[in-house]
Amino acid sequence: VCVLGLGLIGGSVMRALKDSGREVFGYNRSIDGVEAARFDGFDATDDINAVLARAAAAQALIVLAVPVPALPILLQHIRSAAPSCPLTDVVSVKGAVLQLVRDHGLLERFVGGHPMAGTARSGWAAGSPHLFVGAPWVISVDDHVDPSVWAEVMHLALDCRAVVVPARSDEHDAAAAAISHLPHLLAEALSVTAADVPLAFALAAGSFRDGTRVAATAPDLVRAMCEANSEPLQVALDRAIDLLVQARDGLASTGSVADLVDSGHAARMSYD
């Protein structure tokens, strides 16, 4: 397996696969990330041409583990150096990645993926071989998918001890907008709202900490995933805004937020 991008997710994939006994090597644009991975005993380089030549020779499964804005340049390199390698990704949106892969003529050997795991930290040092244990790992079942490549991606996810969830790219993106990207924006809004109140941070405890945890994520990563999933995220935002407006109107007219609290509690119990 060849992992391109050794941040939190890519680095965790490398760690988990090495623990499983798989041969895995990787690339990172930042030499600091490469040196950190090497220091920990991993096979890493900052030479994209060398790593793709090695992947092509071994017909390795290539894993794209970079934010969406960085994908085009990597896909150009893959098209030139390793176009016949099976290809997957661990990016948090699927439709945008699918379109980029199609635009670069690499669709035939591509199966999208997304492990639903992470932390607010980033970089090689944040990774863990246990990050994906028991986590859902979406593997795309879009119309073009080659079953043999799908099986390779499935075994990758299982070797990381994740739970495989087959889904179409559009289904994934609608769900990710609701349970990942919208929570990021709500966490940002909660943080800004509290920052406007002088005493708030001094009194903040569990509810604020839990509700704003993901606001600690690097802003460029949050922007990359939210902006790449714009249309489904707009639908989720509209729904959340409507609910909040109804709660505000309820407070103004009857002094009650019962409708939102009751329906929200019921939905959370359903999740549990």
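See the structure shown above.
Residues numbered from 1 in each chain as written. Predicted model: local features only at pLDDT ≥ 70, side-chain atom pairs only at ≥ 80, totals over all residues. Heavy atoms only, no water.

S.K.: Even after reading the chapter, I still don't get the packing of aromatic side chains, so can you show me in this structure?
M.R.: Each aromatic ring pair is described using two quantities: the centre-to-centre distance and the angle formed by the ring planes. Across all of its chains, the model carries three aromatic pairs by this definition. Between Phe42 and Trp124 the ring centres are 5.2 Å apart and the planes differ by 70°, which places this aromatic pair in the edge-to-face class. With a gap of 82 residues between them, Phe42 in the loop between helix H2 (31–39) and strand E3 (44–45) and Trp124 in the loop between strand E6 (113–115) and strand E7 (136–140) connect regions that are remote in the sequence. Note that Lys18 overlies the ring of Phe42, its terminal NZ or CZ placed 4.5 Å from the centroid. A cation over a ring is seen here: Arg54 above Phe25, with NZ or CZ 4.0 Å from the ring centre. (Phe/Tyr/Trp six-rings, centres within 6.5 Å; stacked < 30°, edge-to-face > 60°. Helix = DSSP H or I, 4+ residues; strand = E, 2+ residues; numbered from the N terminus. Lys NZ or Arg CZ within 6 Å of the ring centre and 35° of its normal.)

S.K.: Hey, could you run me through the packing of helix H4 (residues 71–81) against helix H5 (residues 95–103) in this one?
M.R.: Angle between the axes and distance between the axes are the two parameters that describe a pair of packed helices. Interaxial distance between H4 and H5 falls to 10 Å at its minimum, and their mutual angle equals 35°. In the crossing of H4 with H5, the sense of the turn from one axis to the other is right-handed. Two secondary-structure elements touch here, H4 through Leu71, Pro72, Leu75 and Arg79 and H5 through Val97, Leu100, Val101 and Asp103. In terms of residue class, the contact of H4 with H5 is made up of six nonpolar, no polar and two charged. (Axes fitted to C-alpha atoms, helices over the stretch in contact; angles between N-to-C directions. Left-handed = near helix turned anticlockwise from the far one by under 90°. Contact = heavy atoms within 4.5 Å. Nonpolar A, V, L, I, M, F, W, Y, C, P; charged D, E, K, R; others polar.)

S.K.: When you look at H4 in this model, what are you seeing that I'm missing?
M.R.: Residues three or four positions apart in an α-helix share a direction because the helix packs 3.6 residues into each turn. Taken together, the buried positions of H4 are occupied by Leu71, Leu74, Leu75 and Ile78. Mapping the buried residues of H4 onto a view down its axis gives an arc of 100°, with all of them on the same face. Packed against the buried residues of H4 are strand E1 (2–4), strand E2 (25–27), helix H3 (48–58), strand E4 (62–64), strand E5 (87–89) and H5. (Buried < 20%, exposed > 50% of the residue type's maximum accessible area, 1.4 Å probe, protein only. Arc of directions from axis to C-beta.)

S.K.: What is the right way to look at the environment of Asp47 in this model?
M.R.: By the secondary structure assignment, Asp47 is in the loop between E3 and H3. Between the C-alpha atoms of Asp47 and Val68, which are 21 residues apart in sequence, the distance is 20 Å. One polar contact links the side chain of Asp47 to the main-chain amide nitrogen of Ala50, over a distance of 3.0 Å. (Polar contact = N/O pair within 3.5 Å; in protein donor to acceptor, adjacent residues only side chain to side chain.)

S.K.: What should I look at first to understand the pairing of strand E8 (residues 163–167) in this one?
M.R.: Working note: regular strand, side chains alternate between the two faces of the sheet. Relative to E8, E7 is paired through five bridges, and the arrangement is parallel. Each bridged residue has a counterpart across the sheet, and for Ile139 the counterpart in E8 is Pro166. Tracing the backbone out of E7, into helix H6 (residues 147–159) and back to the parallel element E8 gives a crossover that is right-handed. (Pairing = 2+ DSSP bridges. Right-handed = clockwise from strand over helix to strand, strands pointing away.)

S.K.: Any chance you could explain the sheet that holds E6 here in plain terms?
M.R.: Pairing within the open sheet is mixed, and its three strands lie in the order E6-E7-E8. The sheet terminates laterally at E6 and E8, the two strands that pair on one side only. The sheet shows a mean angle of 20° between the axes of neighbouring strands, taken without regard to direction. Packed onto the sheet, H6 meets E7 and E8 and runs at close to 170° relative to E7.

S.K.: Just checking my understanding: could you explain the sheet that holds E4 for this structure?
M.R.: The strands making up a sheet are joined through hydrogen bonds of the backbone, oriented either antiparallel or parallel. Taken together, the five strands give an open sheet; going across it, the order is E3-E2-E1-E4-E5, and neighbouring strands pair in parallel fashion. A single partner strand is all that each edge strand has here, and the edge strands are E3 and E5.

S.K.: Is there a simple way to think about the environment of Ser253 in this case?
M.R.: Here Ser253 shows up in helix H11 (residues 230–253). In sequence terms Ser253 and Ala117 are 136 residues apart; their C-alpha atoms lie 41 Å from each other.

S.K.: Is there a simple way to explain the pattern of salt bridges in this structure?
M.R.: A side chain with one charge can pair with a side chain of the opposite charge if their charged atoms come near. In total, this model carries 10 salt bridges according to the counting rule given. With its nearest N and O atoms 3.6 Å apart, the salt bridge here joins Glu23 to Arg54. Highlighted residues: Glu23 in the loop between helix H1 (8–20) and E2 and Arg54 in helix H3, separated in sequence by 31 residues. Across the salt bridge formed by Arg168 and Asp143, the nearest N and O atoms sit 3.1 Å from each other. One end of the pair, Arg168, is in the loop between E8 and helix H7 (169–195); the other, Asp143, is in the loop between E7 and H6, and 25 residues separate them in sequence. Asp143 gets classed as exposed once you look at its relative accessible area, which sits at 69%. Among the ionic contacts, a cluster of salt bridges with common partners joins Glu23, Asp43 and Arg54. (Salt bridge = Lys/Arg side-chain N within 4 Å of Asp/Glu carboxyl O.)

S.K.: Help me understand a negative patch on the surface in this model?
M.R.: Residues Asp32, Glu35, Asp46 and Asp47 make up a contiguous surface patch of negative charge. For Asp47, a relative accessible area of 34% puts it in the partly exposed group. (Patch = residues over 30% accessible without salt bridge, like charges linked within 9 Å, V, L, I, M, F, W, Y side chains within 5 Å. Areas by Shrake-Rupley, 256 points an atom, 1.4 Å probe, with all protein chains shown as cover. Lys, Arg positive; Asp, Glu negative; His and termini not counted. Charge placed at Lys NZ, Arg CZ, Asp CG, Glu CD.)

S.K.: Where do I start with the environment of Arg239 in this structure?
M.R.: Within the secondary structure layout, Arg239 lies in helix H11. The spacing of Arg239 and Ala58 is 181 residues in sequence and 48 Å in space, taken between C-alpha atoms.

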